[in-house]
Amino acid sequence: MVRRQISDELWLTLEPLLPPFIPSPKGGRRRSVDDRAALNGILFVLQTGIPWEDLPKELGLGSGMTCWRRLRHWQGSGVWAKLHQAMLSKLREHDRIDWSRASIDSASVAKPPGGQETGPNPTDRGKLGSKRHLVVDAQGIPLALTVTGANRHDSMAFETTLDALVAVPGLRGRPRKRPDKLHADKGYDFERCRRYLKRRGIQARIARRGIESRERLGRHRWVVERTHAWFAGFGKLRIRFERSLETHMALLTLAAAIICSRFVEDLC
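On a predicted model such as this, the values are computed, not experimentally measured, just so you know. (Residues numbered from 1 in each chain as written. Predicted model: local features only at pLDDT ≥ 70, side-chain atom pairs only at ≥ 80, totals over all residues. Heavy atoms only, no water.)

Colleague: Go over the overall build of the protein chain with me, naming the residues and quoting the values.
Modeller: Helix and strand counts for the protein chain stand at nine helices and six strands. Considering the protein chain as a whole, with its 268 residues, one finds that 49% of them fall into the buried category. For the protein chain, the proportion of contacts with a sequence separation of at least 24, taken over those separated by at least 6, is 68%. On the protein chain, roughly 13,500 Å² of surface is accessible, and the fraction owed to carbon and sulfur atoms is 50%. Within the protein chain, the 29 negative side-chain charges are centred at a point lying 3 Å from the centre of the 48 positive side-chain charges. (Helix = DSSP H or I, 4+ residues; strand = E, 2+ residues; numbered from the N terminus. Buried < 20%, exposed > 50% of the residue type's maximum accessible area, 1.4 Å probe, protein only. Contact = heavy atoms within 4.5 Å. Areas by Shrake-Rupley, 256 points an atom, 1.4 Å probe, with all protein chains shown as cover. Lys, Arg positive; Asp, Glu negative; His and termini not counted. Charge placed at Lys NZ, Arg CZ, Asp CG, Glu CD.)

Structure follows, in structure tokens:
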């Protein structure tokens, strides 16, 4: 049984973003699985973490390979990024994104088969893995994410991850993409990171090595750790199974949109 099908709110947002189905000029079989069923198949695999080929056919969601191909096709069309931004816009329409402070942090995940953006994890006996880098608002709403190899220092993805922030419309005035303040741990305690924030008018709240205590710093930054735990709640993201970075990013971005949709549902 499907643990949780796609919500009506998320589907109504996603459906207009999907590319139209174009039959092959050479003919062939018609599409046997509609988009909503395929999406529920993708969601089932994302939630449970089962291999794509093990998706139970009795669920009526199509084969795992059909869902996998649909996931990749929609990723190539930019659907998942548009969905994430659309959910952020819905939140901003209700002024539910707290731009007063944001937090950045990373989490390492194992990657047994290797693949793009992986590397030996120095904290896990050199086993292959990758890092998920997140920027969240003051409530833990995921605003931006990137992926690097597990051997990359957190600070090396600092600019790239913040550059991934998108302008979010929804209220009067210009779309917004920059928080007032950014919290980060001692892994980002470099002058380069502070200069980056200063150029963009963001107040730096980066822990200083050997000066500030862990207890004091955790008052605001715990929300990003909780959001990483939400991502790890998706079985397919607890370990990185996908060799392709594009497929892994598709799953991550869909998960970010789902997390945002939970905040949207609280508005109803």
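Colleague: Help me get a handle on the environment of glutamate 159, residues and values and all.
Modeller: When you line up the elements, glutamate 159 lands in helix 5 (residues 158-163). Along the chain, glutamate 159 and cysteine 193 lie 34 residues apart, while their C-alpha atoms are 7.5 Å from each other. Ignoring sequence-local partners within four residues, the contact set of glutamate 159 consists of Arg192 and Tyr196. Of note is the side chain of glutamate 159, whose polar atom sits 2.6 Å from the side chain of arginine 192. (Polar contact = N/O pair within 3.5 Å; in protein donor to acceptor, adjacent residues only side chain to side chain.)

Colleague: Kindly report on the pairing of strand 5 (residues 181-184), identifying the contributing residues and their values.
Modeller: Remember that side chains alternate between the two faces of the sheet whenever the strand is regular. Taken together, the two bridges between strand 1 (residues 102-110) and strand 5 define a ladder with parallel strand orientation. Across the sheet, serine 103 pairs through a bridge with histidine 183, a residue of strand 5. Here strand 5 runs beside strand 6 (residues 203-206); their pairing, made up of four bridges, is parallel. Across the sheet, residue histidine 183 finds its bridge partner in strand 6, namely arginine 205. You can see the chain leave strand 5, run along helix 6 (residues 191-199) and come back into strand 6, and the turn it takes is right-handed. (Pairing = 2+ DSSP bridges. Right-handed = clockwise from strand over helix to strand, strands pointing away.)

Colleague: Outline the pattern of salt bridges, listing residues and values.
Modeller: Taken as a whole, this structure holds eight salt bridges when the rule is applied. A salt bridge links arginine 176 to aspartate 180; the nearest nitrogen and oxygen atoms lie 2.6 Å apart. We classify aspartate 180 as partly exposed; its relative accessible area is 42%. Of the charged contacts in the structure, one is a salt bridge between aspartate 189 and arginine 194, with a shortest N-O distance of 2.8 Å. Judged by its relative accessible area of 11%, aspartate 189 is buried. A relative accessible area of 13% places arginine 194 in the buried class. (Salt bridge = Lys/Arg side-chain N within 4 Å of Asp/Glu carboxyl O.)

Colleague: Quick one: what's the story with the nonpolar core, residue by residue and with numbers?
Modeller: Counting 64 residues, the largest nonpolar core has Leu46, Trp80, Phe158, Leu162 and Phe231 as its most contacted members. No other element matches the 13 residues that helix 9 (residues 245-265) contributes to this core. Contact partners of phenylalanine 158, with chain neighbours within four places excluded, come to Ile104, Leu182, Tyr188, Arg192, Cys193, Tyr196 and Leu197. (Core = buried A, V, L, I, M, F, W, Y, C linked by side-chain atoms within 4.5 Å.)

Colleague: Can you explain the packing of aromatic side chains? Please cite residues and give values.
Modeller: This structure, assessed with the given rule, holds four aromatic pairs. For the pair phenylalanine 158 and tyrosine 188, a centre-to-centre distance of 5.7 Å together with 50° between the ring planes defines the contact as tilted. One end of the pair, phenylalanine 158, is in helix 5; the other, tyrosine 188, is in the loop between strand 5 and helix 6, and 30 residues separate them in sequence. Like tyrosine 188, phenylalanine 158 is buried. Taken together, Phe158, Tyr188 and Tyr196 form an aromatic cluster joined through their ring pairs. Against the face of tyrosine 196 rests arginine 200, its NZ or CZ located 3.8 Å from the ring centre. (Phe/Tyr/Trp six-rings, centres within 6.5 Å; stacked < 30°, edge-to-face > 60°. Lys NZ or Arg CZ within 6 Å of the ring centre and 35° of its normal.)

Colleague: Tell me what's going on with the side chain of threonine 161, and back it up with residues and numbers.
Modeller: Structurally, the position occupied by threonine 161 is in helix 5. For threonine 161, a relative accessible area of 0% gives the class buried. A distance of 2.7 Å separates the side chain of threonine 161 from the side chain of threonine 146, its partner in a polar contact. Setting aside residues up to four positions removed in sequence, threonine 161 forms contacts with Ile104, His133, Leu134, Val135, Ala144 and Thr146.

Colleague: With reference to specific residues and values, describe the packing of helix 3 (residues 64-76) against helix 9.
Modeller: Axis separation between helix 3 and helix 9 bottoms out at 10 Å; the angle between their running directions is 90°. Overall, the two elements helix 3 and helix 9 adopt an arrangement that is roughly perpendicular. Between helix 3 and helix 9, the contacting residues are Trp68, Leu71, Arg72, Gln75 and Gly76 on the first element and Glu246, Thr247, Met249, Ala250 and Leu251 on the second. (Axes fitted to C-alpha atoms, helices over the stretch in contact; angles between N-to-C directions. Parallel < 35°, antiparallel > 145°, perpendicular 65-115°, else oblique.)

Take it as geometry only, folks, not as evidence of what the structure does.
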